[in-house]
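If you want the building blocks of each chain, they are given just below.
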Amino acid sequence: MKINCIAVDDEPLALEILSDYCEKIPFLNLLRTFDNAIETLEYLRNNSVDLLLLDIQMEELTGIQLLNALKVKPYVILTTAYDSYALQGFDLDVADYLLKPISFERFVKGIDKIYERMQKEGSSPAETPPTIATVETNTRDYFFVKTETRIEKINTSEVLYVEGMGDYWRIVTQNKRIMTLMNARGLEEVLQKPQFCRVHKSYFVALDKIEFVERRHIKIRDQRIPISDTYHKNFFDLIEKKK
């Protein structure tokens, strides 16, 4: 069974990321991409799709306005940098709500949710398609984060540690420091084990960049990072596995 979908976002890089994610899932067929809601609305009036990957904040016509204008709605996954629309999205019976920057793992979970709903409605695929366990998500060596002015690509191997700073997170790499506004859950989805570990409510560390651990602190370059009681056991369990 194929899931035919289209993606709508007025940010070219966001569309590029979604297109790349779609290509990695064998049963997901991306028919078209659009950078505005008006052209999307015209396309949907003449074509049927199974799934709509939809950004919310766009010029002229928002994603929410687009949904309200549709007489027949496909499954919808909202993709947005703003969590303030979550309640409104679920009022419109969307299938999922993905906060940018969207990790591939989180994207696959949303697509799997659509697949399961389509199965329950009567579709009978010849075989179960690959899911997060078989699409080899651990081979990705980069991820994207949104800053105030753009979306930055970050090479996973260059990350030293990530530090929480109020509502923001500072990602410290070998070459630069990037401030991003995202929640801890979103970070945990891109900074996954076994490469990374959360050691404090305000810190994630790259295990291979640790110089030494002394009592309750980690040394990475010129930074001493505390290990809190909450994450102490998990961190040292991972360290033991690396011996």
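Residues numbered from 1 in each chain as written. Predicted model: local features only at pLDDT ≥ 70, side-chain atom pairs only at ≥ 80, totals over all residues. Heavy atoms only, no water.

Undergrad: Any chance you could explain the nonpolar core here in plain terms?
TA: The tendency in soluble globular proteins is for nonpolar side chains to be buried side by side. By size, the foremost hydrophobic cluster in this structure holds 27 residues, and its most contacted members are L28, L51 and F107. Every element with two or more residues in this core is listed here: β1 (3-8), α1 (12-24), β3 (51-55), β4 (75-80) and α5 (104-120). Here the element with the most residues in this core is α5; it accounts for seven residues. Apart from the residues within four sequence positions on either side, L51 is in contact with I3, N4, C5, I6, L28, P74, Y75, V76, I77, I111 and I114. The next biggest cluster of nonpolar side chains, apart from the first, holds 21 residues, and it includes I6, L52, L66 and L70. (Core = buried A, V, L, I, M, F, W, Y, C linked by side-chain atoms within 4.5 Å. Buried < 20%, exposed > 50% of the residue type's maximum accessible area, 1.4 Å probe, protein only. Helix = DSSP H or I, 4+ residues; strand = E, 2+ residues; numbered from the N terminus. Contact = heavy atoms within 4.5 Å.)

Undergrad: How should I be thinking about the pattern of salt bridges in this particular structure?
TA: One side chain can pair with another of opposite charge once the charged atoms of both are near each other. On inspection of all chains with the given rule, the structure shows 12 salt bridges. Here the residues in one salt-bridge network are D9, D55 and K100, joined through shared partners. (Salt bridge = Lys/Arg side-chain N within 4 Å of Asp/Glu carboxyl O.)

Undergrad: Looking at this structure, I do not really get unusual backbone geometry. What am I missing?
TA: With glycine set apart, most residues show a phi of negative sign, and most peptide bonds adopt trans. K100 connects to P101 through a cis peptide bond whose omega is 0°. Along the chain, P101 falls in the loop between β5 (96-99) and α5. A positive phi angle is found at R215, which is not glycine, with a value near 55°. Relative to the helices and strands, R215 is located in the loop between β13 (212-214) and β14 (217-220). Positive phi, normally seen in glycine, also occurs at R221, with a value near 55°.

Undergrad: Explain the pairing of strand β15 (residues 223-226) to me, please; I cannot follow it from the model alone.
TA: Taken residue by residue, a regular strand's side chains alternate between the two faces of the sheet. Across the two faces of β15 the burial differs, with Q223 and I225 buried and R224 and P226 not buried at all. Relative to β15, β14 runs antiparallel, the two being bridged by four bridges. For I220, the partnering residue across the bridge sits in β15 and is Q223. The turn joining β14 and β15, which pair antiparallel and follow one another in sequence, is formed by two residues; a positive phi near 55° is taken by R221. (Pairing = 2+ DSSP bridges.)

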